[in-house]
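A structural walkthrough
If you want the building blocks of each chain, they are given just below.
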Amino acid sequence: MSILDNRAALKAEIYRVAEVAGYLWMKGWAERNGGNITVNITEWADEPMRSLPAISGTIAIGITLPHLKDCWFYCKGTQRRMRDLARDPMGNGSIIRITPDCAHYEIIADSPVAPTSELPSHLAVHDYLLAKNSPYRASLHTHPIELVALTHSKKWMEKDAATHMLWSMIPETKAFCPRGLGMVPYMLPSSVELADVTIKAIGDDYDVVMWEKHGVFAVDTDIMSAFDQVDVLNKAAQIYISSRNMGFEPDGMTDVQMKELTDVFGLPK
Ligand SMILES: [Zn+2]
């Protein structure tokens, strides 16, 4: 028995997470247990689901998140591999609900897989998104090789330096990652400080935020869209690197060409 039985829409959403987890592994972005995914699945929590008993105790989040009252999430399990989650999402992740006090959660299904240690920071981002009425329901953290490599240079950590370069590599980058790439200086993984500056960067109008010498954090309406934004940006980084490997600095599209894209497609930046 699985909570996904007879819940086709919820099952499809969870299997989209599994599909993305497989892509992360295939791309070499998810070594060992690297990366995290959380998805707000509250819209699929029907009445029978809401009356299900918890299969764990009540666990403190560590912070109070007032907009998450009675929200439901699918979370990758702690110490679990993306490549395993791709095969078996409910064996390597779990569905949790936030308690009415907004400070605790309970695991509901399918087995008591403890959520990622990054849960407080992921939930803080979801709380922020709900607070500003964002339609975004999915958050993704992964280690895309070429984008992480860029952050080892101070030049690309300057605000919007990488955004401008990546947008100029191929028109689709600006069209499909129209808010660009926010940059966050190195901070200890899982720290409250890192969560705070990530939320601030999302608030500055980025969907994808780069953590220096670590990885990306991306948000979007669903997990496939969050993955697509990272994939598009990393492709642009690969094109830049390919040009450099051919022995030259790529010209990039001109400012006029990029402005034309913004105007014709009605892009936000
Ligand atoms: Zn990481």
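Residues numbered from 1 in each chain as written. Predicted model: local features only at pLDDT ≥ 70, side-chain atom pairs only at ≥ 80, totals over all residues.

1. Some remarks on the overall build of the protein
Summing up its helical and strand segments, the protein has 11 helices and 9 strands in all. Taken against the 2.2 N^0.38 rule, which gives 18 Å for 269 residues, the C-alpha radius of gyration of the protein at 19 Å falls within 12% of a compact globule. On the principal axes, the C-alpha backbone points of the protein span a range of 60 × 35 × 35 Å. Of the contacts formed within the protein by residues at least 6 apart in sequence, a portion of 72% connects residues at least 24 apart. (Helix = DSSP H or I, 4+ residues; strand = E, 2+ residues; numbered from the N terminus. Rg over C-alpha atoms; globule rule 2.2 N^0.38 Å. Contact = placed C-beta atoms within 7 Å.)

2. Observations regarding the pairing of strand β9 (residues 215–220)
Taken across its 6 residues, β9 has 6 buried, putting it largely inside the fold. Side chains G215, F217 and V219 of β9 all project onto a buried face; the interleaved residues V216, A218 and D220 project onto the opposite face, where all are buried too. Note that strand β6 (residues 138–142) and β9 share 5 bridges and pair antiparallel. Bridge assignment links S139 to a residue of β9, and that residue is V219. (Buried ≥ 20, exposed ≤ 12 C-beta atoms within 10 Å, placed from the backbone. Pairing = 2+ DSSP bridges.)

3. Some details on the domain arrangement of the protein
How big an interface is tends to be stated in terms of accessible area lost as the parts join. Under the domain assignment used here, the protein contains domain 1 (1–117) and domain 2 (144–262). Measuring from the centre of the C-alpha atoms in domain 1 to the corresponding centre in domain 2 gives 27 Å. Residue-level contacts link 9 residues of domain 1 with 7 residues of domain 2. Going through the elements one at a time, α1 (8–26) and β1 (36–40) are the ones with two or more residues in the side of domain 1 that touches domain 2. For the side of domain 1 that touches domain 2, the leading source of residues is α1, giving 4 residues. Per-class residue counts for the side of domain 1 that touches domain 2 are 6 nonpolar, 2 polar and 1 charged. (Domains from an automatic or database assignment. Nonpolar A, V, L, I, M, F, W, Y, C, P; charged D, E, K, R; others polar.)

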